[in-house]
Amino acid sequence: DPARHIVENFENMDGATNELRLVLSTPPPNWQPPLGTAPNNPIAILHASLEHVRDNGDERYLFLRTILEVLHSRGFLNDSASSAAPLSGEEEQLLFHCVTGLRHVILFRWDSFHSSLRTCVRDFLLNVGLGLSFIDSGVGPSGVVCLPRTVAMACLSGAASLWKRGWVAGN
């Protein structure tokens, strides 16, 4: 069960973000840069690699593991949200792409995931989107650090998409 593996190895997940960064900086197999794009263009490689991970089902759960790792390392998954530290711009972009990538993988490979994992991911995304984003990015009420709106909205959109798919699929 993938969910059990992730939970049991949560403390050992320190490498997910670095592993994903390495994957995203390496051109996917048989990749050809778009016409007019330099072969080593890092943005083109990043987008091609994101598509490759998404389209191949993210078998190592890099998207989910990176979301958990970044949120945990910044203090968003601790007992007290007041201990959270703001995300860097790079972390915000990475989380946004991880959330949308995770949503894509689950929606397009719906039947390959156990319903309890789909429900857990949906509820997690909802909680992150609602519980950790007050009004805007930066510091919120009582000095609590909030997630950037882009990340919060991606989480809410992902949760809504998974809910809708569950209704359509009948579970």
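Described in the following lines is the structure provided in the data block. Bear in mind that the values here come from a model prediction, so they are computed numbers and not experimental data.

Further remarks concern the nonpolar core. Core analysis: the largest hydrophobic core is formed by 35 residues, its most contacted members being Phe 63, Ile 67, Leu 71, Val 121 and Leu 125. Going through the elements one at a time, helix H2 (16-24), helix H3 (42-55), helix H4 (62-73), helix H5 (89-108), helix H6 (115-131) and helix H7 (149-169) are the ones with two or more residues in this core. Considering every element that reaches this core, the biggest residue donor is H5, with 8 residues. Excluding residues within four positions of it along the chain, Val 121 makes contact with Leu 64, Leu 102, Ile 106 and Leu 162.

Along the chain, Leu 50 falls in helix H3. Using a relative accessible area of 7% as the deciding quantity, one classes Leu 50 as buried. With 30 residues separating them along the chain, Leu 50 and Leu 20 place their C-alpha atoms 9.4 Å apart. Sequence-distant contacts of Leu 50, that is, excluding residues within four places in its chain, are made with Leu 24, Phe 63 and His 97.

Note on pairing: side chains with opposite charge can pair once their charged atoms come close. By the definition in use, this model includes 5 salt bridges. Put simply, Glu 90 and Arg 21 hold a salt bridge, and the shortest N to O gap is 2.7 Å. Within this pair, whereas Glu 90 is found in helix H5, its partner Arg 21 is found in helix H2, the two being separated by 69 residues in sequence. Residue classification places Arg 21 among the partly exposed residues on the basis of a relative accessible area of 33%. Each of Glu 19, Arg 60 and Arg 65 takes part in salt bridges that share partners, so that together they form one network.

Before going further, it helps to examine the environment of Ile 45. As for its position among the elements, Ile 45 is in helix H3. Taking relative accessible area as the criterion, Ile 45 reaches 6% and is therefore assigned buried. C-alpha of Ile 45 to C-alpha of Pro 33: the two residues are 12 residues apart in sequence and 7.8 Å apart in space.

Right, let's get into the side chain of Glu 69. Note on placement: Glu 69 falls in helix H4. Within the buried set, Glu 69 has no salt-bridge partner at all; the shortest N-O distance to an opposite charge, 6.1 Å, is to Arg 65. Polar contacts involving the side chain of Glu 69 include one to the side chain of Thr 17, which spans 2.6 Å.

A separate point is unusual backbone geometry. For Asn 30, which is not a glycine, the phi torsion comes out positive at approximately 60°. Mapped onto the elements of the fold, Asn 30 is located in the loop between H2 and H3. Look at Tyr 61: it is not a glycine, yet its phi comes out positive at around 55°. The residue Tyr 61 is located in the loop between H3 and H4 in this model.

Turning our attention to H3. If you check H3, its first and last C-alpha atoms are 20 Å apart, about what 14 residues at 1.5 Å a residue would give, namely 20 Å. Listed in full, the buried residues belonging to H3 are Ala 44, Ile 45, Ala 48, Ser 49, Leu 50 and Val 53. Those residues of H3 that are buried lie in contact with H2, H4 and H5. At the N-terminal boundary of H3, the capping side chain belongs to Asn 41, with an oxygen 2.8 Å from the backbone nitrogen of Ile 43. Trailing H3 by a residue or two, Gly 57 shows a phi angle of about 85°, which is positive.

Parameters at a glance
- Residues numbered from 1 in each chain as written.
- Predicted model: local features only at pLDDT ≥ 70, side-chain atom pairs only at ≥ 80, totals over all residues.
- Heavy atoms only, no water.
- Core = buried A, V, L, I, M, F, W, Y, C linked by side-chain atoms within 4.5 Å.
- Buried < 20%, exposed > 50% of the residue type's maximum accessible area, 1.4 Å probe, protein only.
- Helix = DSSP H or I, 4+ residues; strand = E, 2+ residues; numbered from the N terminus.
- Contact = heavy atoms within 4.5 Å.
- Salt bridge = Lys/Arg side-chain N within 4 Å of Asp/Glu carboxyl O.
- Lys, Arg positive; Asp, Glu negative; His and termini not counted.
- Polar contact = N/O pair within 3.5 Å; in protein donor to acceptor, adjacent residues only side chain to side chain.
- Expected span 1.5 Å × (residues − 1).

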